[in-house]
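Here is how the chains run, residue by residue.
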Amino acid sequence: MKGERCRKNNEHLLIGLMSGTSLDGVDAALVRLQTNGEGEIVDVEIEEFVCLPYSKELKHRLLTISSIETAKLDDIVTAHFGVSEWYVKAVETLLQKAGIHSGSVDAVCSHGQTIWHTPNPVPFPGPNGTVNVRSSLQIGELSVIAERTGIPVVGNFRARDLAAGGEGAPLVPYADFILFGGSKKGVILQNIGGIGNATVLPPSAGINDIFAFDTGPGNMVIDAIVRRETNGDLSFDKDGRMAASGTVSDPLLQRFLDDPFYRRKPPKSTGREMYDERYVERFVQEGRRFNLTLNDLVATATALTAKSIVDAYHNFVFPTTKIDELIVSGGGTHNPVLMDMINAELPDWIKMTTSATYGIPDDAKEAVSFAILGHETLMERPSNVPAVTGATRPVILGNVCF
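Residues numbered from 1 in each chain as written. Predicted model: local features only at pLDDT ≥ 70, side-chain atom pairs only at ≥ 80, totals over all residues. Heavy atoms only, no water.

Draft legend 1. Spotlight on the sheet that holds strand β11 (residues 351-354). A sheet is described by the order of its strands in space; here five strands give the open sequence β9-β8-β7-β10-β11, paired in mixed fashion. The open sheet has two edge strands, β9 (211-217) and β11, and neither has a second partner. Ignoring which end each strand starts from, the neighbouring axes of this sheet average 20° apart. Here six bridges tie strand β7 (residues 187-192) to strand β8 (residues 195-201), and the two strands are oriented antiparallel to one another. Among the inter-strand pairings, N191 is bridged to a residue of β8, identified as N197. (Pairing = 2+ DSSP bridges. Helix = DSSP H or I, 4+ residues; strand = E, 2+ residues; numbered from the N terminus. Axes fitted to C-alpha atoms, helices over the stretch in contact; angles between N-to-C directions.)

Draft legend 2. Spatial organisation of the pairing of β9. Along β9, seven of the seven residues are buried, which leaves the element largely enclosed by surrounding structure. Pairing of β8 with β9, which is carried by six bridges, proceeds in the antiparallel orientation. Across the sheet, residue I195 finds its bridge partner in β9, namely P217. (Buried < 20%, exposed > 50% of the residue type's maximum accessible area, 1.4 Å probe, protein only.)

Draft legend 3. Just the packing of helix α3 (residues 73-98) against helix α4 (residues 142-149), in detail. Remark: α3 packs on α4, axes separated minimally by 8 Å, with the N-to-C direction vectors making an angle of 40°. By the angle class used here, α3 and α4 are oblique. Crossing of α3 against α4: the hand is right-handed. Residue-level inspection shows F81, S84, E85, Y87, V88 and V91 of α3 in contact with α4, the latter providing V144, I145, R148 and T149. (Parallel < 35°, antiparallel > 145°, perpendicular 65-115°, else oblique. Left-handed = near helix turned anticlockwise from the far one by under 90°. Contact = heavy atoms within 4.5 Å.)

Draft legend 4. Region of interest: the nonpolar core. I188, I225, Y313, V317, L326 and I342 are the most contacted members of the largest nonpolar core, which totals 52 residues. The greatest single-element share of this core, amounting to twelve residues, is contributed by helix α12 (residues 294-316). Ranked by size, the runner-up nonpolar core spans 38 residues in total, among them A29, V187, I327 and I372. (Core = buried A, V, L, I, M, F, W, Y, C linked by side-chain atoms within 4.5 Å.)

Draft legend 5. How the structure looks around the packing of aromatic side chains. Counting across every chain of the model gives nine aromatic pairs. Each ring, one from F180 and one from Y358, has its centre 5.7 Å from the other, and the planes form 80°; the classification is edge-to-face. You can see F180 sitting in helix α6 (residues 172-180) and its partner Y358 sitting in the loop between β11 and α14 (365-378), a full 178 residues away along the chain. A relative accessible area of 38% means that Y358 is categorised as partly exposed. Between F256 and Y279 the ring centres are 5.4 Å apart and the planes differ by 75°, which places this aromatic pair in the edge-to-face class. Of this pair, F256 sits in helix α9 (residues 250-257) while Y279 sits in helix α11 (residues 277-289), and the two are 23 residues apart along the sequence. The two residues F256 and Y279 agree in class, both being buried. Among the aromatic side chains, those forming a connected cluster through ring pairs are F256, Y275, Y279 and F283. In this arrangement the basic side chain of K268 is found over the ring face of F261, its NZ or CZ atom lying 4.5 Å from the centre. (Phe/Tyr/Trp six-rings, centres within 6.5 Å; stacked < 30°, edge-to-face > 60°. Lys NZ or Arg CZ within 6 Å of the ring centre and 35° of its normal.)

Draft legend 6. How the structure looks around the environment of N335. Tracing the backbone shows N335 in the loop between β10 (325-329) and α13 (336-345). Sequence separation between N335 and N219 is 116 residues; the distance between their C-alpha atoms is 9.5 Å. In this structure, N335 is in contact with D237, D239, G240 and T302, ignoring residues within four places of it in sequence. In this structure the side chain of N335 is engaged in a polar contact, spanning 3.1 Å, whose partner is the backbone nitrogen of L338. (Polar contact = N/O pair within 3.5 Å; in protein donor to acceptor, adjacent residues only side chain to side chain.)

If you want it as structure tokens, here you go:
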């Protein structure tokens, strides 16, 4: 399924794979796309969805190679191939649940597992002097997925946008426009995974009217505090119970909100390189000076996520764009304390809901999004949004492994 061959068929079946910075597992969505005679997407239907949780051992290994202090080259190389076996298992589980044969699927579209993201230019020796390099690394060898499943695979989506001068993130806004564009309402689509990212669709927006950016931490800091302070016995704050039992420390919250990233105008993106174990260590140690309990720390970290999200709207969205609705997706939707904190900070006229209200499971939207991006790659169509990523031009994203 590529280019002219793809345009001869107006219905395409793809699998989107997403494993985010929260390191909780692989989300796999079976997506049926209807297109017009030019191959443009006119309808998106989610046929099936599964989540394959990572084992405790795998999560530990991925955390190790995602830290500048503990990463080793041989571990990264091994994980690059090894994590693909989890993607294969997710595909097999999805196909079995859906009752679909692999031969019916046009392509698997894999985001890969981010272990480092450096969107700000870094000096590097080039052939004609120093060059400034933007970079990001998602592991998960495409050849392993293609070989095990017998299905063509699209992946490595971020690299081409980076090469074109963009930050390589966020990429989901293109899919957000396909899924939610055309409304007369002003909408913010907020994903809360390991990192929080927002897509803004002004009323009756075209693709060039949307804008998006990373808001800061999603679940990443909360999860890391829980994992650190329970010696790994717990990996996240289930249902927000710890935060609900704690008290937010305003001095600690304000100290960590006083970060230049939150004041920086978009385009901007971030990741584990900012909210790593060193960041969490500082957060916990500062909290100890205020005699905070573990539940207080978790409550304050939860407030940090909520406040950084809504502050971003006040700083970069509300002054220029009429917003009627906030649609939240990702793992953060399962934390009622976090959702209540966000809702409490919103202006009264903004309705808050989740993507499930629109038929897209809250955990599935990013997997669905990468199925859409992979389709556009196979159609040889650009799917980055330069106004969002800062790229110099629209480019075709991803590599294809047949």
